[in-house]
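This is what each chain is made of:
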Amino acid sequence: VELSQDAFSGETVTLMAWFKPKLNLDNAFDSGKPIYCQGASTTTYATFGVGLRPNSIWLEMGPPGNQVELTNSSFDYDQWNHIAISFDNGLVKTYINGSIASTVQAPSNVILNNGYGAFIGRRGNTINVDESYSFQGAISHFSSVPYVLRSDEIIQSMIVSDSLGTNASNWNFNEGEGSIL
């Protein structure tokens, strides 16, 4: 899904989504099979991308060397999983199904917006976006807020999807039927 603009930029953000990945061992580079990706094109790397490589979740914030493994073997294939990524001046916390899975330092302290757009479930605004650059499975209830959520707020948002208030950006999907959000 192409968004009309990047979902966020700045020093703080939390993004969340439900995802049900299919096992796919291809594309073990960049941010992998993207849950979310912004800033990528045929000539640029993502300014912020979160995606799956085989059995792991990765963060991409620029060219090679700026990819960071967030967590390994913390989610299940062919089942719904909830992911929350909080970014606080470069400190990245990853929550899977409401539990903290990792805390890592990102390659940058700020998320940039380069105008190439944002995408849910695919790599970016490229003509060669195919299965190699697309999320394999289903994504639902994607949301972002321009601040860092506490773990109890993340758990609450998993239960009540409208608990984030008016500062939240939300995209709900029809569980894979057609192309309607």
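Residues numbered from 1 in each chain as written. Predicted model: local features only at pLDDT ≥ 70, side-chain atom pairs only at ≥ 80, totals over all residues. Heavy atoms only, no water.

## Remarks on the side chain of threonine 94
Here threonine 94 is to be found in strand β8 (residues 91–96). Setting aside residues no more than four positions away along its own chain, threonine 94 makes contact with Leu70, Thr71, Ile83, Ala84, Ile85, Ser99, Ile100, Ala101 and Ser102. (Helix = DSSP H or I, 4+ residues; strand = E, 2+ residues; numbered from the N terminus. Contact = heavy atoms within 4.5 Å.)

## Here's the deal with the confidence of the model for the chain
Per-chain confidence: the chain averages 82 in pLDDT, with 78% of residues scoring 70 or above. Taken element by element, the predicted model of the chain shows its lowest mean pLDDT in strand β12 (residues 169–171) (56) and its highest in β8 (97). (pLDDT = per-residue confidence, 0-100.)

## So, the pairing of β8
As paired elements, strand β7 (residues 81–88) and β8 share 6 bridges and run antiparallel to each other. Bridging from a neighbouring strand, aspartate 88 pairs with leucine 91 of β8. Linkage of β7 to β8, two consecutive antiparallel strands, is achieved through a turn of 2 residues, within which asparagine 89 is found at a positive phi near 55 degrees. The pairing of β8 with strand β9 (residues 99–105) spans 6 bridges and is antiparallel. Within the sheet, the bridge partner assigned to tyrosine 95 lies in β9 and is isoleucine 100. (Pairing = 2+ DSSP bridges.)

## Brief notes about the pattern of salt bridges
Inspection of every chain in the model, using the stated rule, returns 3 salt bridges. As a salt-bridge pair, aspartate 152 and arginine 150 come within 3.0 Å of each other at their nearest N and O atoms. Look at aspartate 152 and you get partly exposed, because its relative accessible area is 43%. Residue glutamate 153 is joined to arginine 150 by a salt bridge in which the shortest nitrogen-to-oxygen separation is 3.4 Å. A relative accessible area of 25% means that glutamate 153 is categorised as partly exposed. Each of Arg150, Asp152 and Glu153 takes part in one network of salt bridges that share partners. (Salt bridge = Lys/Arg side-chain N within 4 Å of Asp/Glu carboxyl O. Buried < 20%, exposed > 50% of the residue type's maximum accessible area, 1.4 Å probe, protein only.)

## Notes on the packing of aromatic side chains
For the structure on display, the rule yields 5 aromatic pairs. Ring centres 5.3 Å apart and planes at 20 degrees place the aromatic pair tyrosine 36 and phenylalanine 142 in the stacked group. Residue tyrosine 36 is located in strand β3 (residues 33–38), and its partner phenylalanine 142 is located in strand β11 (residues 137–145); the two are separated by 106 residues in the primary sequence. Accessibility classification places tyrosine 36 together with phenylalanine 142 in one group, the buried group. These aromatic residues form a ring-pair network of at least three members: Phe19, Phe75, Tyr77 and Phe135. Sitting above the plane of the tryptophan 58 ring, arginine 53 keeps its charged end 3.6 Å from the centroid. (Phe/Tyr/Trp six-rings, centres within 6.5 Å; stacked < 30°, edge-to-face > 60°. Lys NZ or Arg CZ within 6 Å of the ring centre and 35° of its normal.)

## Topic: the nonpolar core
Residues Phe19, Tyr36, Phe48, Ile57 and Ile83 are the most contacted members of the largest nonpolar core, which totals 32 residues. Looking at this core, the element that brings in the most residues is strand β2 (residues 12–21), giving 4 residues. Core analysis: the next-biggest nonpolar cluster, separate from the first, contains 6 residues, Met16, Tyr95, Val145 and Leu149 among them. (Core = buried A, V, L, I, M, F, W, Y, C linked by side-chain atoms within 4.5 Å.)

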